[in-house]
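Survey of secondary and tertiary structure
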Number of protein chains: 2
Amino acid sequence: MEGANMANAMTDKTVKTFLDELASNAPAPGGGSVAALSGALGAGLISMVCNLTLGKPKYAAVENDIAALVKKSESLRKELANLLEEDVQAYTILNTTMKMPKDTDEQKTVRAKAMDKALKAATDVPMRVAEACVNVMALCPEATAKGNSNAVSDVGVGILMAEAGLRSAALNVLINLKIVKDEKFVSDNRKKLDNLLSGKPALRDEIYNLVVTKL
Amino acid sequence: MEGANMANAMTDKTVKTFLDELASNAPAPGGGSVAALSGALGAGLISMVCNLTLGKPKYAAVENDIAALVKKSESLRKELANLLEEDVQAYTILNTTMKMPKDTDEQKTVRAKAMDKALKAATDVPMRVAEACVNVMALCPEATAKGNSNAVSDVGVGILMAEAGLRSAALNVLINLKIVKDEKFVSDNRKKLDNLLSGKPALRDEIYNLVVTKL
């Protein structure tokens, strides 16, 4: 299931099929894919607000700032769409590894090593989703201040999606860390995750409330 | 742009195309569509957790409850996917109506009447999205308590998506109400929205924190 053929397996599906497969008992897509998608939707909305601002005489003074902003949001949108695919791949490998035989001591050793590797990879992907979502959130104050005021509600939706993506990714990091045996890996990743989550619900509510006052 | 041909216009696009068009300066999809999609993703995750529970001997005691739960989540998922399409249609009509001529008094009268109708329709859709998201959130406590414990993080992601969908829909209701002239319609809808929003961030955090303790 790895490699070039899988590259766009999920994002090449229709929205309808994605939702149908999500709702099914198939191993993927699941919450990890939704976390990445949520972040990508947030980044896409920031890009949209920028694209509705660029070239408008009323916003000529902030043209360069908005051009710089949309570069960042587009880069994050692509990163998050790729992470959606990577999450499915990592989860598929983990799922296959879990089914490896563990009858003999040798099998147990081989399986334990493979599980360690697969679990760390399956933790790494949502951690990168969490980081990218934090980076999307960081674009929202400037988008609210300088973006087309007719689209200010879309910045609000953008930060809601990015923050939901961040905390969704966090749940997927935690569910994997629960069974990782390498204690240093667990404590390092918990610390990293705590730092990413710190202050983000407050930032979300600050921007959301600011957007509401502008409506 | 109305009618059967538009029925699945958005959800028949690939996830990649949906994200590309979201990020562009095209009038749709925008924040309203993302609100409905976020709710549908939340509902889909609750369905997934139910489908990973049904038929498992370990969960035989809750089989009937879970069967009833997945009926509700699937109904809400379909409703929210339809609302995604309806939002695009309502927004497209509103966008066209805004461009109607307003040079003569007669044109002004015709346009004002059309704007009133289009704005009320464009308010009604996100209000129904908000209601459906609240209904998705209401399924989460039971899904957390009775669903397959291996998928508990997916209930957590589900409630995050449903609550982000609710507040995203709220922003889309408010941006339209801002320019509706019918004062009774505005105050009735503000009241309805306040009721829908009331207590929901607390419910989201309660379920999220409960899920974290189970990881």
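Everything here concerns the structure above.
Residues numbered from 1 in each chain as written. Chains lettered and ligands numbered in written order. Predicted model: local features only at pLDDT ≥ 70, side-chain atom pairs only at ≥ 80, totals over all residues. Heavy atoms only, no water.

What follows concerns the relation of the copies chain B and chain A. Here two copies of a chain appear, and what relates them is a rotation about an axis with a shift along it. When chain B is fitted to chain A, the residual RMSD is 0.0 Å, and the transformation amounts to a turn of 180° plus an axial shift of 0.0 Å. Here the copies are linked by what is in effect a two-fold axis. Looking at the rotation axis and the C-alpha trace of chain B, the residue lying nearest is Thr14 of chain B, at 1.9 Å. Comparing interface residues between copies, 100% of those in chain B also sit at the interface in chain A, which points to an isologous, same-surface contact. (Least-squares fit on C-alpha atoms with pLDDT ≥ 70 in both. Contact = heavy atoms within 4.5 Å.)

Residue and element names in this part refer to chain A. Inspection of the secondary structure assignment puts Asn176 in helix α5 (residues 152-177). Classification of Asn176 as buried rests on a relative accessible area of 10%. Contact partners of Asn176, with chain neighbours within four places excluded, come to Leu94, Leu119, Ala122 and Thr123. (Helix = DSSP H or I, 4+ residues; strand = E, 2+ residues; numbered from the N terminus. Buried < 20%, exposed > 50% of the residue type's maximum accessible area, 1.4 Å probe, protein only.)

Before going further, it helps to examine the nonpolar core. Formed by 149 residues in total, the largest nonpolar core has its most connected members in Leu41 of chain A together with Leu41 of chain B. Discounting chain neighbours no more than four positions away, the residues touching Leu41 of chain A are Met161 of chain A together with Phe18, Leu19, Leu22, Val34 and Leu37 of chain B. (Core = buried A, V, L, I, M, F, W, Y, C linked by side-chain atoms within 4.5 Å.)

If you check helix α2 (residues 31-51) of chain B, its first and last C-alpha atoms are 30 Å apart, about what 21 residues at 1.5 Å a residue would give, namely 30 Å. Burial runs high along α2 of chain B: 20 of the 21 residues are buried. (Expected span 1.5 Å × (residues − 1).)

Another aspect to go through is the interface of chain B and chain A. Counting from both sides, the interface comprises 55 residues of chain B and, opposite them, 55 residues of chain A. Its largest share of buried area at the contact with chain A, chain B owes to Val15, Leu171 and Leu215 of chain B, together 14% of the area lost on that side. Asp20 of chain A is paired through a salt bridge with Arg77 of chain B; the nearest N and O atoms lie 3.0 Å apart. For the pair chain B and chain A, the number of links is 19 residue pairs in polar contact (both at pLDDT 80 or more). (Buried area = accessible area lost by both parts, 1.4 Å probe. Salt bridge = Lys/Arg side-chain N within 4 Å of Asp/Glu carboxyl O. Polar contact = N/O pair within 3.5 Å; in protein donor to acceptor, adjacent residues only side chain to side chain.)

So, on to the packing of aromatic side chains. Across all of its chains, the model carries zero aromatic pairs over all chains by this definition. A cation sits over an aromatic face here: Arg167 of chain A above Tyr208 of chain B, 4.5 Å from the ring centre. (Phe/Tyr/Trp six-rings, centres within 6.5 Å; stacked < 30°, edge-to-face > 60°. Lys NZ or Arg CZ within 6 Å of the ring centre and 35° of its normal.)

Before going further, it helps to spend a moment on the pattern of salt bridges. Between side chains of opposite charge, a pair can form as their charged atoms come close. As enumerated under the stated definition, the model contains 32 salt bridges over all chains in all. In this structure, Asp205 of chain B and Arg204 of chain B form a salt bridge, with 3.0 Å as the shortest nitrogen-oxygen distance. What makes Asp205 of chain B partly exposed here is its relative accessible area of 27%. Each of the salt bridges in this network shares a partner with another, and the network as a whole consists of Glu163, Arg167, Arg204 and Asp205 of chain A together with Glu163, Arg167, Arg204 and Asp205 of chain B.

Here Leu22 of chain B shows up in helix α1 (residues 15-23). For Leu22 of chain B, a relative accessible area of 0% corresponds to the buried category. Along the backbone, Leu22 of chain B and Leu94 of chain B are 72 residues apart, and their C-alpha atoms lie at a distance of 18 Å. Beyond its immediate chain neighbours, meaning those up to four positions away, Leu22 of chain B contacts Leu41, Gly44, Leu45 and Met48 of chain A together with Pro29, Gly30 and Val34 of chain B.

With that settled, consider the environment of Leu37 of chain A. Assignment of secondary structure puts Leu37 of chain A in helix α2 (residues 31-51). For the pair formed by Leu37 of chain A and Gly165 of chain A, sequence separation is 128 residues and the distance between their alpha carbons is 7.5 Å. If we ignore the near neighbours within four places in the chain, the residues touching Leu37 of chain A are Phe18 and Leu84 of chain A together with Val15, Leu19 and Leu41 of chain B.

A word on helix α7 (residues 200-213) of chain A. Residue and element names in this part refer to chain A. Over its 14 residues, α7 extends 20 Å from the first C-alpha to the last, a length consistent with the 20 Å expected when each residue adds 1.5 Å. All of the buried residues in α7 are Lys200, Leu203, Arg204, Ile207, Tyr208 and Val211. The arc enclosing the buried residues of α7, seen along the axis, measures out at 130°, which places them on a common side. For α7, the exposed residues set more than 90 degrees away from the buried face come down to Ala202, Glu206 and Thr213. (Arc of directions from axis to C-beta.)

Put plainly, a disulfide is one covalent bond tying together the sulfur atoms of two cysteines. Residue and element names in this part refer to chain A. Summed over all chains, the structure comprises zero disulfides over all chains. Left without a disulfide partner, Cys133 is nearest to the cysteine sulfur of Cys140, which lies 11 Å away. Of all cysteine sulfurs in the structure, the one in Cys50 sits closest to Cys140, which takes part in no disulfide; the separation is 9.9 Å. Residue Cys140 is classed as buried on the basis of its relative accessible area, which comes to 0%. (Disulfide = S-S within 2.5 Å.)

Between α5 of chain A and α2 of chain B, the least distance of the axes is 9 Å, while the angle of their chain directions is 30°. Between α5 of chain A and α2 of chain B, the crossing angle belongs to the class labelled roughly parallel. The crossing of α5 of chain A and α2 of chain B is left-handed. When α5 of chain A is examined against α2 of chain B, the residues Asp154, Val157 and Met161 of chain A are found in contact with a partner set consisting of Gly31, Val34 and Ser38 of chain B. (Axes fitted to C-alpha atoms, helices over the stretch in contact; angles between N-to-C directions. Parallel < 35°, antiparallel > 145°, perpendicular 65-115°, else oblique. Left-handed = near helix turned anticlockwise from the far one by under 90°.)

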